[in-house]
Amino acid sequence: MKILVINGPNLNLLGTREPQIYGVQTLNDVEKELTGSFPDILFTFFQSNHEGAIIDALQGTLTAQCDGVVLNAAALTHYSYAIRDAVAALRVPVIEVHLSNIHLREEFRRHSVIAEVCKAQVSGFGSEGYKLAVDMLLHKLTTPNT
Ligand code: DQA
């Protein structure tokens, strides 16, 4: 099984960026933990600070073999209709992830423009959220009618 994990703007700074909100693990730590937790899954990890590059990565699943996507679009979550449209165009399930609980934060973070086109949202479980998202994808892929 192949899963693409996409992280958006500023998530390359994990570990040093507002650690009281996002934790002390680096993005590399998070990715290594995922690989260790799911040894049978082939992960592709992608991070970009650029909206278009994230859209290209999402569209890549239309041609490359990919079974599902875990997406933390970071701040783009809250306003990028272009990312929403890209997710809507995919044929594989996408799970939205946020390290922090976006619903308990500033008003502008409480709304996700991509939530409606994702299969589920995980928000507020720190780096564990990525593992939960993979579990959700596995569930979706094995019980497609749920
Ligand atoms: C985030 C929440 C977003 O509001 C924020 O812009 C981020 C990270 C999270 O993982 O909690 O960059 O997606």
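Please refer to the structure placed before this passage.
Residues numbered from 1 in each chain as written. Predicted model: local features only at pLDDT ≥ 70, side-chain atom pairs only at ≥ 80, totals over all residues. Heavy atoms only, no water.

### Re helix α3 (residues 51-60)
An α-helical turn contains 3.6 residues, so a residue and the one three or four places further along point in the same direction.
In step 1: Within the sequence span of α3, burial applies to I54, I55, A57 and L58. Along the axis of α3, the buried positions cluster into a sector of 160°, meaning they face one direction only.
In step 2: Of the surrounding elements, those touching the buried residues of α3 are β1 (2-7), β2 (42-47), β3 (68-72) and α4 (81-88). (Buried < 20%, exposed > 50% of the residue type's maximum accessible area, 1.4 Å probe, protein only. Helix = DSSP H or I, 4+ residues; strand = E, 2+ residues; numbered from the N terminus. Arc of directions from axis to C-beta. Contact = heavy atoms within 4.5 Å.)

### A look at the sheet that holds β1
The strands making up a sheet are joined through hydrogen bonds of the backbone, oriented either antiparallel or parallel.
In step 1: If you walk across this open sheet you meet the five strands as β2-β1-β3-β4-β5, and the pairing is parallel. Edge positions in the sheet fall to β2 and β5 (120-123), since each of these pairs with one other strand and no more. The mean inter-strand angle of the sheet, taken between neighbouring strand axes irrespective of direction, is 20°.
In step 2: Pairing geometry for β1 and β3, over five bridges, is parallel. (Pairing = 2+ DSSP bridges. Axes fitted to C-alpha atoms, helices over the stretch in contact; angles between N-to-C directions.)

### A short note on the pattern of salt bridges
It is possible for side chains of opposite charge to pair when their charged atoms get near one another.
In step 1: Per the stated rule, a full pass over the model turns up six salt bridges.
In step 2: A salt bridge links E116 to R84, with the nearest nitrogen and oxygen atoms 2.8 Å apart. Taken together, the positions of E116 in the loop between β4 (94-98) and β5 and R84 in helix α4 put the pair 32 residues apart, joining distant regions of the chain.
In step 3: Judged by relative accessible area, R84 falls into the partly exposed class, the value being 23%.
In step 4: The shortest N-O distance in the salt bridge between E107 and R110 comes to 3.2 Å.
In step 5: The network of salt bridges with common partners includes E33, E128 and K131. (Salt bridge = Lys/Arg side-chain N within 4 Å of Asp/Glu carboxyl O.)

### Points about the site of the ligand
In step 1: Looking at the ligand, the residues that line it are R17, Y22, N72, A74, A75, H78, H98, L99, S100, I102 and R109.
In step 2: At 2.7 Å, a side-chain N or O of H78 approaches an oxygen atom of the ligand.
In step 3: One of the backbone nitrogen or oxygen atoms of L99 is found 2.8 Å away from an oxygen atom of the ligand.
In step 4: The fraction of the free accessible surface of the ligand (320 Å²) that becomes covered by protein chains is 99%.
In step 5: The class makeup of the residues in the shell around the ligand is five nonpolar, four polar and two charged. (Near = heavy atom within 4 Å. Polar contact = N/O pair within 3.5 Å; in protein donor to acceptor, adjacent residues only side chain to side chain. Areas by Shrake-Rupley, 256 points an atom, 1.4 Å probe, with all protein chains shown as cover. Nonpolar A, V, L, I, M, F, W, Y, C, P; charged D, E, K, R; others polar.)

### Here's the deal with the packing of aromatic side chains
Each aromatic ring pair is described using two quantities: the centre-to-centre distance and the angle formed by the ring planes.
In step 1: Taken as a whole and assessed by the stated rule, the structure comprises two aromatic pairs.
In step 2: An angle of 15° between the planes, with centres 5.5 Å apart, marks the rings of F43 and F45 as stacked.
In step 3: By way of ring pairs, the aromatic residues F38, F43 and F45 are connected into one cluster. (Phe/Tyr/Trp six-rings, centres within 6.5 Å; stacked < 30°, edge-to-face > 60°.)

### Some words on α4
In step 1: Considered for burial, the residues of α4 that qualify are I83, A86 and V87. Take α4 and look down its axis: the buried residues cluster within an arc of 100°, on one side only. Projecting away from the buried face of α4 at angles above 90 degrees are the exposed residues Y81 and D85.
In step 2: Buried positions along α4 lie against α3, β3 and β4.

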